[in-house]
Amino acid sequence: TCGGQLNRLREVKAFVTQDIPLHNLVMKHIPGADPELVLLSHYYDELDRIALSHMTRTEINELLGKLGFYKKEKPEDEVPEEFRFSPAKDSPFKDEPQHTTTTSEPKAEAEHT
């Protein structure tokens, strides 16, 4: 129903205005676009898109919790160091190879020993 959809959009708007400041998220407003959560890697590669327009504010917050996002008590609180790259478990630069080699030939699939 139109009323149900309007209520869902109000829920999403409440999430955007009241809850996003509590999460370690960045919001990008795109006029006319349906609200969705876009999950990116540390290198800004798109991992997934999750439509939010059919969800309640509570459902969105629960989803973020399940995904591993940190939620602060107050907007001005600091995000603890261990959650700075949340929901990733480790820094994107940890264990990065010291050097890389590139070739123009396709790489053979690595064998596991």
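These notes cover the structure that comes with them. Along every chain, residues carry numbers that run from 1 in the direction the sequence is written. With pLDDT at 70 or above as the cut-off, local features in this predicted model cover only qualifying residues; side-chain atom pairs require 80 or more to be listed or tallied, and sums for whole chains, interfaces and linings still use all residues. The side-chain numbers reported here are obtained from all heavy atoms of the structure, hydrogens and water having been left aside.

Quick notes on the pairing of strand E2 (residues 46-51)
Looking at chain direction, strand E1 (residues 36-40) and E2 are connected through five bridges and run antiparallel. From the neighbouring strand, Leu40 faces E2, where its bridge partner is Glu46. What makes two strands pair is DSSP finding at least two bridges between them. Each helix is a run of DSSP H or I of at least 4 residues and each strand a run of E of at least 2, with the numbering of both proceeding from the N terminus.

Description of unusual backbone geometry
What you tend to see is this: most non-glycine residues have negative phi, and most peptide bonds are trans. Here the phi dihedral of Tyr44 falls at roughly 65°; this positive angle occurs in a residue that is not glycine. By the secondary structure assignment, Tyr44 is in the loop between E1 and E2. In this scheme, a residue with accessible area under 20% of its type's maximum is buried, one over 50% is exposed, and one in between is partly exposed, where area comes from a 1.4 Å probe on protein chains only. For Tyr44, a relative accessible area of 68% gives the class exposed.

Structural notes on the pattern of salt bridges
Proximity of charged atoms lets side chains of opposite charge pair with each other. Here, a salt bridge means any Lys or Arg side-chain nitrogen found within 4 Å of an Asp or Glu carboxyl oxygen. Evaluated as defined, the whole model comprises four salt bridges. Put simply, Glu59 and Arg8 hold a salt bridge, and the shortest N to O gap is 3.8 Å. Placement of the pair is Glu59 in helix H2 (residues 57-67) and Arg8 in helix H1 (residues 2-19), with a sequence separation of 51 residues. Residue Glu59 is classed as partly exposed on the basis of its relative accessible area, which comes to 35%. According to the relative accessible area criterion, Arg8 is partly exposed, its value standing at 30%. Note that Glu46 and Arg49 form a salt bridge whose closest N and O atoms lie 2.8 Å from each other. Connected through salt bridges with shared partners, the residues Glu36, Glu46 and Arg49 form a single ionic network.

What to know about the environment of Ile60
Tracing the backbone through its elements, the reader meets Ile60 in helix H2. With relative accessibility at 2%, the residue Ile60 sits in the buried group. A C-alpha to C-alpha distance of 7.7 Å links Ile60 and Phe15, two positions 45 residues apart in sequence. In what follows, residue pairs with any heavy atoms lying within 4.5 Å of each other are defined as contacts. In this view, Ile60 contacts Val12, Phe15, Leu52 and Met55; residues no more than four positions away in its chain are not counted.

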